[in-house]
Amino acid sequence: MGLGGCIILIAVGAILTFATDWDMQGVNLDLVGIIFMIVGLIGVATFSSIARRRRVVVPPATPVVDDPAHPRTRDGYSDGYGV
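Rules used in this analysis
Residues numbered from 1 in each chain as written. Predicted model: local features only at pLDDT ≥ 70, side-chain atom pairs only at ≥ 80, totals over all residues. Heavy atoms only, no water. Helix = DSSP H or I, 4+ residues; strand = E, 2+ residues; numbered from the N terminus. Buried < 20%, exposed > 50% of the residue type's maximum accessible area, 1.4 Å probe, protein only. Contact = heavy atoms within 4.5 Å. Areas by Shrake-Rupley, 256 points an atom, 1.4 Å probe, with all protein chains shown as cover. Patch = residues over 30% accessible without salt bridge, like charges linked within 9 Å, V, L, I, M, F, W, Y side chains within 5 Å. Salt bridge = Lys/Arg side-chain N within 4 Å of Asp/Glu carboxyl O. Expected span 1.5 Å × (residues − 1). Arc of directions from axis to C-beta. Axes fitted to C-alpha atoms, helices over the stretch in contact; angles between N-to-C directions. Parallel < 35°, antiparallel > 145°, perpendicular 65-115°, else oblique. Left-handed = near helix turned anticlockwise from the far one by under 90°. Nonpolar A, V, L, I, M, F, W, Y, C, P; charged D, E, K, R; others polar. Polar contact = N/O pair within 3.5 Å; in protein donor to acceptor, adjacent residues only side chain to side chain.

A few words now on the overall build of the protein. When you go through the protein residue by residue, the secondary structure sums to two helices and zero strands. The buried share of the protein, taken over its 83 residues, is 13%. Nonlocal contacts in the protein, meaning residues at least 24 apart in sequence, comprise 50% of its contacts between residues at least 6 apart. When the accessible surface of the protein is totalled, it reaches about 7,300 Å², and 65% of it is carbon and sulfur.

This brings us to a nonpolar patch on the surface. Taken together, Leu31, Ile35 and Val39 make up a surface patch of nonpolar side chains, about 250 Å² in accessible area. Inspection of the secondary structure puts Leu31 in helix 2 (residues 29-53).

With that out of the way, let us pick up helix 1 (residues 3-19). An ideal rise of 1.5 Å per residue puts 24 Å on 17 residues; helix 1 measures up with 23 Å between its terminal C-alpha atoms. The set of residues buried in helix 1 consists of Cys6, Leu9, Gly13, Leu16 and Thr17. Taken around the axis of helix 1, the buried residues stretch over an arc of 95°, which confines them to a single face. Away from the buried face of helix 1 by more than 90 degrees, exposed residues Ile8, Phe18 and Ala19 are located. For helix 1, the secondary structure elements touched by its buried residues are helix 2.

Next up on the list: the packing of helix 1 against helix 2. A pair of packed helices is captured by two measures, namely the crossing angle of their axes and the spacing between those axes. At a minimum axis distance of 7 Å, the contact between helix 1 and helix 2 shows a crossing angle of 155°. Compared by their axis directions, helix 1 and helix 2 come out roughly antiparallel. The crossing of helix 1 and helix 2 is left-handed. Grouping the constituent residues of the contact of helix 1 with helix 2 by class yields 17 nonpolar, five polar and one charged.

Attention now goes to the side chain of Thr20. Residue position: Thr20 is located in the loop between helix 1 and helix 2. Polar contacts involving the side chain of Thr20 include one to the main-chain carbonyl oxygen of Leu16, which spans 2.8 Å.

Below, the structure is given as structure tokens:
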């Protein structure tokens, strides 16, 4: 179940618990709504922990290191265009 399904469970549970006054024989809709909300919250917590683990970390690009044995001078001959 994805994050959207968990949020729908929380919303349906809140509607059943707080916004309805239906009476069904043998079914306590307040309890069903609370159960839906708890299952939705557990699903959100599980989904967020799994999504945090699946995050891919891209290693940084190879850094450019200047070689001190080869100084970069601009005298006209060291860049390959001189004699």
